[in-house]
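The chain contents come next:
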Amino acid sequence: MGTESSSAASEYKRIFAVLEDGTTEAEVVKKAVGEALRCGAHLRFGYVAHGEALPLGESLKDFAEEETRRIGGLVEAQVAALDPAGDLDGGELEVIPYGGECCVQIDEAVGTANGQMAEELIEPFCPDLVLCGLPKGSRLTRFLKSNTYRYLKRNLHCPVLGVS
């Protein structure tokens, strides 16, 4: 499921690209835009604003809005460079705040950030393909970091393609 044949790829109509803070963001955007243009698919990006990175004294809502502007600017610039003709269908970015285990008040417990991403952003979109960055670093680093790719591959009912 991690790699798909070109005949299966031409059937993708909805592609969801998971963005995370890390070294694979640019590669995920590039691969997602390329696949969406090649297949004529609708593309959507998703990002979870992790409260663990919340500056002291800032509300989770304000932090999420700031992250939306920051990551949105990066995505917009990359999409414009990769698709100068403007042929891309979609390309919208959805950002959700996640309080996690830090000392931030949130309305309800949501489980893990990966679970929230899947339930609130990916599943309602009903994608035919999900693209997600693969963690980089040593085996220990990859083990200690949350592995979004593995979580999504185990829990989604569509192909999940890892991008490095």
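What you see is a predicted model, and the numbers here were worked out from it, not measured in a lab.

About the thresholds
- Residues numbered from 1 in each chain as written.
- Predicted model: local features only at pLDDT ≥ 70, side-chain atom pairs only at ≥ 80, totals over all residues.
- Heavy atoms only, no water.
- Helix = DSSP H or I, 4+ residues; strand = E, 2+ residues; numbered from the N terminus.
- Buried < 20%, exposed > 50% of the residue type's maximum accessible area, 1.4 Å probe, protein only.
- Contact = heavy atoms within 4.5 Å.
- Areas by Shrake-Rupley, 256 points an atom, 1.4 Å probe, with all protein chains shown as cover.
- Phe/Tyr/Trp six-rings, centres within 6.5 Å; stacked < 30°, edge-to-face > 60°.
- Lys NZ or Arg CZ within 6 Å of the ring centre and 35° of its normal.
- Expected span 1.5 Å × (residues − 1).
- Bend = angle between axes of the 7 residues up to and from the residue.
- Pairing = 2+ DSSP bridges.
- pLDDT = per-residue confidence, 0-100.

Right, let's get into the overall build of the protein chain. Within the protein chain, the regular secondary structure consists of six helices and five strands. Counted from the first residue to the last, the protein chain has its helices and strands arranged as α-β-α-β-α-β-α-β-α-α-β. Counting only residues that meet the buried cut, the protein chain has 41% of its 164 residues in that class. Sequence-distant contacts, at least 24 apart, represent 78% of the contacts inside the protein chain between residues at least 6 apart. About 9,000 Å² of surface is accessible on the protein chain, with carbon and sulfur atoms providing 52% of the total.

The next subject is the packing of aromatic side chains. Under the criterion given, the structure shown has one aromatic pair. In this structure, Arg14 is placed above the aromatic ring of Phe125, and the distance from its NZ or CZ to the ring centre is 4.1 Å.

Glancing now at helix α4 (residues 113–125). For α4, which comprises 13 residues, the first-to-last C-alpha distance of 17 Å matches the rise-based estimate of 18 Å (1.5 Å per residue) to within 8%. Along α4, the sharpest change in direction is near 35 degrees and occurs at Glu119. In this structure, the buried side of α4 is in contact with β1 (14–19), β2 (42–50), β3 (89–98), β4 (129–133) and α6 (148–155). Positioned one or two residues after α4, Cys126 has a phi angle of 55 degrees, which is positive.

One non-glycine residue with positive phi stands out, namely Cys126, at about 55 degrees. One can find Cys126 in the loop between α4 and β4. The exposure class of Cys126 is exposed, given its relative accessible area of 51%.

This paragraph deals with the pairing of β2. Within β2, eight of the nine residues are buried, leaving the element largely enclosed by the surrounding structure. In the sheet, β1 pairs with β2 via six bridges, with the strands oriented parallel. Note that in β2 the partner of Arg14 across the bridge is His42. When β2 meets β3, the two strands line up parallel, connected through nine bridges. Paired with His42 across the bridge in β3 is Asp89.

Turning our eyes to something else, we now look at the confidence of the model for the protein chain. Predicted coordinates in areas of low pLDDT are best not read in detail. On average, the protein chain scores 82 in pLDDT, and the residues at 70 or more come to 80%. Per-element confidence in the protein chain is highest for β1, whose mean pLDDT is 95, and lowest for helix α1 (residues 6–9), whose mean pLDDT is 49. Within the model, the stretch residues 1–7 combines pLDDT values under 50 with 12 contacts to residues more than four positions away or in other chains. Below pLDDT 50 for its whole length, residues 101–110 participates in nine contacts with residues either more than four positions away or in separate chains.

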